[in-house]
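Descriptive analysis of the structure
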Amino acid sequence: MDEREFRVVIKHYFLKGKTPQETKNKIDKHYGESAPSIRTIYKWFGLFRSGHMSTNDAGRPGRPVAVTTPENVKKNPRYGDE
């Protein structure tokens, strides 16, 4: 299960009125080692309590990291054979 799917499960238990510890116990029971940490669950409970109900990651400002591939290197006049 990916991070976003775990967030949906955490939100489900939050909306049902469960505590972070109850949520952790239930997730551990079903997902074992792949379950998020208690710290992560507390973080998301805090976000949900503050009104941030989205389970998506927030956008991050700044330039995206460029991927260095042989094609990209050739396209860049500083490095390529253009």
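Up top is the structure.
Below is a short write-up of the structure. Just so you know, these numbers come straight off a predicted model, no measurement behind them. (Residues numbered from 1 in each chain as written. Predicted model: local features only at pLDDT ≥ 70, side-chain atom pairs only at ≥ 80, totals over all residues. Heavy atoms only, no water.)

1. As for the overall build of the chain
- Scanning the chain from N- to C-terminus turns up 4 helices and 0 strands.
- Starting at the N terminus and walking to the C terminus, you meet the elements of the chain as α-α-α-α.
- Looking at the 82 residues of the chain, the share that counts as buried comes to 22%.
- Within the chain, residue pairs in contact and separated by at least 24 positions form 46% of the contacts whose partners lie at least 6 positions apart.
- Total accessible area on the chain stands at roughly 6500 Å², and carbon and sulfur atoms take up 51% of it. (Helix = DSSP H or I, 4+ residues; strand = E, 2+ residues; numbered from the N terminus. Buried < 20%, exposed > 50% of the residue type's maximum accessible area, 1.4 Å probe, protein only. Contact = heavy atoms within 4.5 Å. Areas by Shrake-Rupley, 256 points an atom, 1.4 Å probe, with all protein chains shown as cover.)

2. Quick word on the packing of helix H2 (residues 20–31) against helix H3 (residues 38–49)
- Here H2 crosses H3 at 130 degrees, and the two axes come no closer than 9 Å. On the basis of the axis angle, H2 is oblique to H3. As for how H2 packs across H3, the hand of that crossing is right-handed. On H3, the residues that touch Pro20, Gln21, Thr23, Lys24 and Ile27 of H2 are Ile38, Ile41, Tyr42, Phe45 and Arg49.
- For the contact of H2 with H3, the class distribution of residues is 6 nonpolar, 2 polar and 2 charged. (Axes fitted to C-alpha atoms, helices over the stretch in contact; angles between N-to-C directions. Parallel < 35°, antiparallel > 145°, perpendicular 65-115°, else oblique. Left-handed = near helix turned anticlockwise from the far one by under 90°. Nonpolar A, V, L, I, M, F, W, Y, C, P; charged D, E, K, R; others polar.)

3. Quick notes on the packing of aromatic side chains
- The tally for this structure, following the rule as stated, stands at 4 aromatic pairs.
- Seen in terms of ring centroids, phenylalanine 14 and phenylalanine 48 are 5.5 Å apart; in terms of plane orientation they differ by 45 degrees. Their pairing is tilted. With phenylalanine 14 in helix H1 (residues 3–15) and phenylalanine 48 in helix H3, the pair connects residues that are 34 residues apart, well separated along the chain.
- In this structure phenylalanine 48 comes out as buried when scored by relative accessible area, which is 2%.
- When the centroid spacing of 5.8 Å and the interplanar angle of 45 degrees are considered together, the rings of tryptophan 44 and phenylalanine 48 count as tilted. (Phe/Tyr/Trp six-rings, centres within 6.5 Å; stacked < 30°, edge-to-face > 60°.)

4. Describing the nonpolar core
- If you look at the biggest cluster of nonpolar residues, it comprises 11 residues: Phe6, Val9, Ile10, Tyr13, Phe14, Ile27, Ala35, Ile41, Trp44, Phe45 and Phe48.
- Secondary structure elements with two or more residues in this core: H1 and H3.
- The dominant element in this core, judged by the number of residues it contributes, is H1, at 5 residues.
- Beyond its immediate chain neighbours, meaning those up to four positions away, isoleucine 10 contacts Thr23, Ile27, Pro36, Ile41, Trp44, Phe45 and Phe48. (Core = buried A, V, L, I, M, F, W, Y, C linked by side-chain atoms within 4.5 Å.)

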